Amino acid sequence: MSEELDRTRAMWRQVAALVIARIEDGTYPPGSRVPSTLGLATELGIASSTSQKALAHLRAEGWLRGENGIGTFVVDHPPRA
């Protein structure tokens, strides 16, 4: 696992914050595909339902967009944190 998560706080919020940090630092630039829920779950050692909730939240907040059958991508103009 490349990131340490605080197991005493809401995991999905921490995962969402991690993805936002990666968007802001250029790890996931605008238009790029983000890891799948399973990919994030495997990387972070969490349940896939947790990563699914984090990505759904980021889609609702305007950070990500989903393409059916293709994946989840960073929007062209992400909001500011």
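A few points on the structure.

Parameters at a glance
Residues numbered from 1 in each chain as written. Predicted model: local features only at pLDDT ≥ 70, side-chain atom pairs only at ≥ 80, totals over all residues. Heavy atoms only, no water. Helix = DSSP H or I, 4+ residues; strand = E, 2+ residues; numbered from the N terminus. Expected span 1.5 Å × (residues − 1). Buried < 20%, exposed > 50% of the residue type's maximum accessible area, 1.4 Å probe, protein only. Arc of directions from axis to C-beta. Contact = heavy atoms within 4.5 Å. Pairing = 2+ DSSP bridges. Salt bridge = Lys/Arg side-chain N within 4 Å of Asp/Glu carboxyl O.

The next subject is helix H3 (residues 48-60). The terminal C-alpha atoms of H3, which comprises 13 residues, lie 18 Å apart, in line with the 18 Å expected from a rise of 1.5 Å per residue. The complete set of buried residues in H3 reads Thr50, Ser51, Ala54, Leu55 and Leu58. One side of H3 holds all its buried residues, which, seen down the axis, span an arc of 130°. Elements in contact with the buried residues of H3: helix H1 (11-24), helix H2 (37-44) and strand E1 (64-67). Of the residues trailing H3, Gly62 is marked for its positive phi of about 90°.

Of the two faces of strand E2 (residues 71-74), both are covered, the one formed by Gly71 and Phe73 as well as the one formed by Thr72 and Val74. In this structure, E1 lies alongside E2, joined through four bridges in antiparallel fashion. Among the inter-strand pairings, Glu67 is bridged to a residue of E2, identified as Gly71. If you look at the hairpin formed by E1 and E2, you'll find three residues sitting between the two strands, and Gly69 has a positive phi there, around 80°.

What follows concerns the pattern of salt bridges. Overall, the coordinates contain two salt bridges when judged by the stated rule. Note that Arg22 is salt-bridged to Glu43, the shortest N-O span being 2.6 Å. Remark: Glu43 occurs in helix H2 and Arg22 occurs in helix H1; sequence separation between them is 21 residues. Relative accessible area serves as the criterion here: at 10%, Arg22 is assigned to the buried category.

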